[in-house]
Amino acid sequence: AQSVAQPEDQVNVAEGNPLTVKCTYSVSGNPYLFWYVQYPNRGLQFLLKYITGDNLVKGSYGFEAEFNKSQTSFHLKKPSALVSDSALYFCAVRDDSSASKIIFGSGTRLSIRP
Amino acid sequence: IAGITQAPTSQILAAGRRMTLRCTQDMRHNAMYWYRQDLGLGLRLIHYSNTAGTTGKGEVPDGYSVSRANTDDFPLTLASAVPSQTSVYFCASRGSGSTGELFFGEGSRLTVL
């Protein structure tokens, strides 16, 4: 069965500094990996995904993520954080050998201080 | 505006009562999902449907049922609500192709007393 771990409940970063939100996964087949963002009292919004190809994936709002197969990780990154990036971030995985199950991590709250 | 509509937005329910959360999408997506969101636990998959007429169990299906009579609608039913089902429920549909991302509704906040 697939699983996702987000080891940090909260990440605090100063505005203008780089940020990283960590995600590791476990699947039996090839992974399809996703990042979503959630603002207060809203549904989740898609940021980016890795299916195949280049290990560095670029997405919305200047975010990018690096797929590392040997470390089974898919960390979310941004070179320069904005206060408006403050939100809840979720990593998700789908196993290409299974049915349509898409499993989410527990979420990481990103707080950017001015 | 195309997307996913969930109803009700919020509901307080007495334990033991039956409740159906509605979800409708107008994007003609085949796959649909129900998740619950609880603090510290993230989103957990309750049930999913790959296409109209089929459904499957997710991580936490007990106490919930779904149906998929057509492409657009995917209701979630709590036959006899219990306090542990207090949560925020999100419906989602999956974009085109097997690698598509999920589109989420705005959620239904359910409180079971």
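Everything quoted here is computed from the prediction, not taken from an experiment.

1. Some words on the overall build of chain A
Now for step 1: Regarding its fold elements, chain A presents zero helices and twelve strands.
Now for step 2: Along the chain direction, N to C, the helices and strands of chain A fall in the order β-β-β-β-β-β-β-β-β-β-β-β.
Now for step 3: Its C-alpha atoms give chain A a radius of gyration of 14 Å, within 12% of the compact-globule value 13 Å for 114 residues.
Now for step 4: Considering only C-alpha atoms, chain A reaches an extent of 45 × 30 × 20 Å along its principal axes.

2. Comments concerning the state of the cysteines
Now for step 1: Taken as a whole and assessed by the stated rule, the structure comprises two disulfides over all chains.
Now for step 2: Between the sulfur atoms of cysteine 23 of chain A and its disulfide mate cysteine 91 of chain A the distance is 2.0 Å. Its S-S torsion of approximately -65° makes the covalent link between cysteine 23 of chain A and cysteine 91 of chain A left-handed. Residue cysteine 23 of chain A is found in the loop between β3 (19-21) and β4 (24-26), and its partner cysteine 91 of chain A is found in strand β10 (residues 87-95); the two are separated by 68 residues along the sequence.
Now for step 3: Here cysteine 23 of chain B is linked by a disulfide to cysteine 91 of chain B, with a sulfur-sulfur distance of 1.9 Å. Residues cysteine 23 of chain B and cysteine 91 of chain B are joined by a disulfide whose S-S torsion is about -75°; by sign, that bridge is left-handed. Remark: cysteine 91 of chain B occurs in strand β9 (residues 87-94) and cysteine 23 of chain B occurs in strand β3 (residues 19-25); sequence separation between them is 68 residues.
Now for step 4: Residue cysteine 23 of chain B is classed as buried on the basis of its relative accessible area of 2%.

3. Here's the deal with the pattern of salt bridges
Now for step 1: Counted under the stated rule, the structure contains eight salt bridges over all chains.
Now for step 2: As a salt-bridge pair, aspartate 85 of chain A and lysine 78 of chain A come within 2.8 Å of each other at their nearest N and O atoms.
Now for step 3: Judged by relative accessible area, which is 4%, aspartate 85 of chain A ranks as buried.
Now for step 4: Owing to a relative accessible area of 7%, lysine 78 of chain A belongs among the buried residues under this scheme.
Now for step 5: The salt bridge involving arginine 44 of chain B is made with aspartate 38 of chain B; its shortest N-O contact spans 2.9 Å.
Now for step 6: Its relative accessible area of 23% is what places arginine 44 of chain B among the partly exposed residues.

4. Considerations on the interface of chain A and chain B
As a measure of interface size, the accessible area lost when the parts come together is often cited.
Now for step 1: Taken together, the contacts link 22 residues of chain A with 23 residues of chain B.
Now for step 2: Overall, the association of chain A and chain B removes approximately 1900 Å² of surface from exposure, summing both partners, and the carbon and sulfur fraction of that is 54%.
Now for step 3: On the chain A side of the interface with chain B, the three residues burying the most area are Ser100, Ile102 and Phe104 of chain A, jointly 25% of the side's total.
Now for step 4: Put simply, chain A and chain B have two salt bridges between them.
Now for step 5: The closest approach of N and O atoms between arginine 42 of chain A and glutamate 106 of chain B, which form a salt bridge, is 2.5 Å.
Now for step 6: Our count for the contact surface shared by chain A and chain B stands at five residue pairs in polar contact (both at pLDDT 80 or more).
Now for step 7: Broken down by secondary-structure element, the contributors of at least two residues to the side of chain A that touches chain B are β5 (31-38), β6 (44-50), β10 and β11 (102-104) of chain A.

5. Topic: the side chain of threonine 108 of chain A
All names here are of chain A.
Now for step 1: Looking at where threonine 108 falls in the secondary structure, it is placed in strand β12 (residues 108-113).
Now for step 2: Judged by its relative accessible area of 1%, threonine 108 is buried.
Now for step 3: In terms of polar contacts, threonine 108 uses its side chain to reach the side chain of glutamine 6, at 3.1 Å.
Now for step 4: Apart from the residues lying within four places of it in its own chain, the contact partners of threonine 108 are Gln6, Glu8, Asp9, Gln10, Val11, Val21, Ala87, Leu88 and Tyr89.

Conventions we followed
- Residue positions are counted from 1 within each chain, in the order its sequence is given.
- As a convention, the first chain written is A and the first ligand written is 1, with the rest following in written order.
- Two thresholds apply to this predicted model, a pLDDT of at least 70 for residue-level local features and 80 or more for giving and counting side-chain atom pairs, whereas whole-chain, interface and lining totals are computed over all residues.
- Hydrogens are left out, water is left out, and the side-chain values use all remaining heavy atoms of the structure.
- Put simply, DSSP H or I for four residues or longer makes a helix, DSSP E for two residues or longer makes a strand, and each gets a number counted from the N terminus.
- Values of the radius of gyration come from C-alpha atoms, whereas the globule rule sets the reference at 2.2 Å times the count of residues to the power 0.38.
- Pairs of cysteine sulfur atoms within 2.5 Å are what we label disulfides.
- Burial classification: accessible surface area is computed with a 1.4 Å probe over protein chains only, and a residue below 20% of its type maximum counts as buried, one above 50% as exposed, and the rest as partly exposed.
- Between Lys or Arg on one side and Asp or Glu on the other, a salt bridge is scored when a side-chain nitrogen of the former is within 4 Å of a carboxyl oxygen of the latter.
- Residue contacts are counted whenever heavy atoms from the two residues lie within 4.5 Å of one another.
- Buried area is a sum: the accessible area each of two parts loses on coming together, probed at 1.4 Å, counted once for each and added.
- Throughout this description, a polar contact denotes any pair of N or O atoms lying within 3.5 Å of each other; where both atoms belong to protein, one of them has to be capable of donating a hydrogen while the other can accept it, and for residues adjacent in sequence the pair is counted only when both atoms sit in side chains.

Taken by themselves, the reported measurements are silent on function.
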